[in-house]
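For reference, the chains in residue letters:
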Amino acid sequence: MQHEERLRIWIERGNVSISQLFFQHYKSLGIQDLDAMLIMHMTAYTSAGNQFPTPMDLASRMHLNENEVSMVLQRLMQHGFLKISQNEDQNGVLHETFSLQPLWDRLIDQIAIEANKVEEESQQNAEGEIFSLFEQEFGRFLSPMECESITMWLDEDGHSVEIIRAALKEAVLAQKISLRYIDRILFEWKKKNVRTMSDVERQTKSFRTVGVRPTQQQQQKTVSVKRVPFYNWLEERD
């Protein structure tokens, strides 16, 4: 057989398309490697127009006999990955078909679960780092009461880690490093619906001045210092 003929047959046979997500997550669904291979063969039969391959059909392509194929099919149905449906053709005749839709639904749910788990772990790590950041800026270990206050900001007040970090930065810039001062900043931000870093930037800009234009004598100095007054959050009034 000539090379061109082999290539033509290869193209005409088509390809079997299975999402990469299946290969990445079928193990976490409890699907065995043998079951995954049978699912691939079922998908190949479906792509070729055979919606209900028999155990004999599947066994002809695998190192399994018909009984072993039947056991795999039964296991997939028991675990909720496969179902048998009835479809009506254009002539009104009912035909049984295999449906892997339950598997794809479970796969999407599993991906969502794993994504939420990663997000929760990331959030926990970020929350753990915020305590270390406070200790670094305070130059000492936090007391149990201080740790409880930070925990309340997170759990009860609903402040995000980045908002708390921004409030700490404000306190550091104002040289007023205390939980009371930071708590007041967070209180004012929550009252003004400050939820994102863009909100923080807009809020802080409204309370800071650019500084006084330097005189000609100051401009001639090698080093010039620009004084930037900071807003005192403890003196905030409605």
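All figures in this text were calculated on a predicted structure; none of them were measured in a lab.

> Is there a simple way to think about the nonpolar core in this case?
Across soluble globular proteins, nonpolar side chains show a tendency to be buried alongside one another. The biggest cluster of nonpolar side chains holds 25 residues, and the ones touching the most others in it are Phe134, Trp153, Ile182, Leu186 and Trp189. Of all elements in the fold, only helix H6 (101–138), helix H7 (144–155), helix H8 (161–173) and helix H9 (179–191) reach the threshold of two or more residues within this core. If one sorts the elements of this core by residue count, H8 sits on top with seven residues. In terms of nonpolar packing, the next biggest core, distinct from the first, is built from 24 residues, Ile18, Val72, Leu73 and Phe81 among them.

> How should I be thinking about the packing of aromatic side chains in this particular structure?
The description of an aromatic ring pair rests on the distance of the ring centres and on the angle between the ring planes. Overall, the coordinates contain six aromatic pairs when judged by the stated rule. Taken together, a centroid distance of 6.0 Å and an interplanar angle of 85° make the contact between phenylalanine 22 and tryptophan 104 edge-to-face. Taken together, the residues span a long stretch of sequence, with phenylalanine 22 in helix H2 (residues 20–25) and tryptophan 104 in helix H6 at a distance of 82 residues. Phenylalanine 22 gets classed as buried once you look at its relative accessible area, which sits at 0%. Tryptophan 104 sits in the partly exposed class, given a relative accessible area of 27%. Relative to tryptophan 153, the ring of phenylalanine 134 has its centre 6.0 Å away and its plane inclined at 45°; by these criteria the two rings are tilted.

> Before we go on, may I ask you to explain H6 in this structure?
Working note: α-helix, 3.6 residues per turn, so residues spaced by three or four point in the same direction. Over its 38 residues, H6 runs 56 Å from end to end, which matches the ideal 56 Å to within 8%, given 1.5 Å per residue. For H6, the set of buried residues is Pro102, Leu103, Leu107, Gln110, Ala126, Ile130, Phe131, Phe134 and Phe138. Once H6 finishes, glycine 139 follows within two positions and takes phi at roughly 75°, a positive value.

> I would appreciate a short explanation of the pattern of salt bridges in the present structure.
Any two side chains of opposite charge can pair, on the condition that their charged atoms come close. All chains considered together, the criterion is met by five salt bridges. A salt bridge links glutamate 146 to arginine 140; the nearest nitrogen and oxygen atoms lie 2.7 Å apart. For arginine 140, a relative accessible area of 39% puts it in the partly exposed group. Salt-bridge contacts for arginine 202 lead to aspartate 199; the nearest nitrogen and oxygen are separated by 2.3 Å.

> Just to check I follow, could you spell out the environment of alanine 166 for this structure?
Note on placement: alanine 166 falls in helix H8. Residue alanine 166 is classed as buried on the basis of its relative accessible area, which comes to 9%. With residues near it in sequence (within four places) discarded, alanine 166 still touches Trp189, Met197 and Val200.

> Before we go on, may I ask you to explain the pairing of strand E2 (residues 94–99) in this structure?
Successive residues of a regular strand alternate their side chains across the two faces of the sheet. Across six bridges, strand E1 (residues 83–88) lies against E2 in antiparallel orientation. Across the sheet, residue serine 85 finds its bridge partner in E2, namely threonine 97. In this structure, the hairpin formed by E1 and E2 is closed by a connection of five residues, where glycine 92 is found at a positive phi of approximately 80°.

> Mind showing me how you'd approach unusual backbone geometry here?
Most of the time, phi is negative for any residue but glycine, and the peptide bond is trans. Of note, glutamine 175 is a non-glycine position whose phi angle comes to about 55°, a positive value. Its location among the elements puts glutamine 175 in the loop between H8 and H9. For glutamine 175, a relative accessible area of 72% corresponds to the exposed category. Phi angles above zero are rare outside glycine, and asparagine 193 is one such case at about 60°.

> Looking at this model, I keep getting lost on the confidence of the model for the protein chain. Mind explaining?
Predicted coordinates in areas of low pLDDT are best not read in detail. When pLDDT is averaged along the protein chain, the result is 83; 81% of the residues meet or exceed 70. Per-residue pLDDT stays below 50 along residues 209–229; that stretch engages in seven contacts with residues further than four places along the chain or on separate chains.

> What should I look at first to understand the packing of H6 against H8 in this one?
Packed helix pairs are specified by the crossing angle of their axes together with the interaxial distance, meaning the distance between the axes. Running from N to C, H6 and H8 point in directions that differ by 10°, and their axes come no closer than 10 Å. If you check the angle between H6 and H8, you find them roughly parallel. For the pair formed by H6 and H8, the contact residues are Gln123, Ala126, Glu127, Ile130, Leu133, Phe134, Glu137 and Phe138 on the first element and Val161, Ile164, Arg165, Leu168 and Val172 on the second. Residues of the contact of H6 with H8, tallied by class, amount to nine nonpolar, one polar and three charged.

> Explain the packing of H8 against H9 here, please?
Direction vectors running N to C along H8 and H9 enclose 125°, while the axes themselves pass 9 Å from each other. It follows that H8 is oblique to H9 by the angle criterion. As H8 packs across H9, the resulting crossing turns out to be right-handed. On the side of H8, the interface is formed by Ile163, Ile164, Ala166, Ala167, Leu168, Glu170 and Ala171, while H9 contributes Tyr181, Ile182, Ile185, Leu186 and Trp189.

Rules and cut-offs
- Residue positions within a chain follow its written sequence, with the count starting from 1.
- Per-residue local features are limited, in this predicted model, to residues with pLDDT of at least 70; the limit for side-chain atom pairs, both in listing and counting, is 80 or more; totals at the level of whole chains, interfaces and linings are taken over all residues.
- To obtain the side-chain values, all non-hydrogen atoms of the structure were used and water was disregarded.
- Here, the term nonpolar core denotes a set of buried Ala, Val, Leu, Ile, Met, Phe, Trp, Tyr and Cys residues that are joined through side-chain atoms within 4.5 Å.
- For each residue, the accessible area found with a 1.4 Å probe, counting protein chains only, is set against the maximum for its type, and the residue is called buried under 20%, exposed over 50%, and partly exposed in between.
- Strands are runs of DSSP state E lasting at least 2 residues, helices are runs of H or I lasting at least 4, and numbering of each runs from the N terminus.
- Geometry of aromatic contacts follows a simple scheme: Phe, Tyr and Trp rings, the Trp one being its six-membered ring, pair when their centres are within 6.5 Å, and the pair is stacked under 30 degrees between planes, edge-to-face over 60, tilted otherwise.
- The length a helix should cover is 1.5 Å for every residue beyond the first.
- A carboxyl oxygen of Asp or Glu within 4 Å of a side-chain nitrogen of Lys or Arg is what we treat as a salt bridge.
- Note on contacts: a residue pair qualifies if any of its non-hydrogen atoms lie within 4.5 Å across the two residues.
- Paired strands, in this sense, are two strands between which DSSP finds at least two bridges.
- The predictor attaches a confidence to each residue, and that confidence, scored 0 to 100, is pLDDT.
- Angles shown run from 0 to 180 degrees and are taken between the N-to-C directions of axes, each axis being a line fitted to C-alpha atoms and, for helices, limited to the stretch in contact.
- Throughout, the term roughly parallel applies to angles under 35 degrees, roughly antiparallel to angles over 145, roughly perpendicular to angles from 65 to 115, and oblique to all others.
- Gly falls in the polar group here, along with every residue not listed as nonpolar (Ala, Val, Leu, Ile, Met, Phe, Trp, Tyr, Cys, Pro) or charged (Asp, Glu, Lys, Arg).
- Crossings are classed by handedness, with left-handed meaning an anticlockwise turn of the near helix from the far one by less than a right angle and right-handed meaning a clockwise turn.

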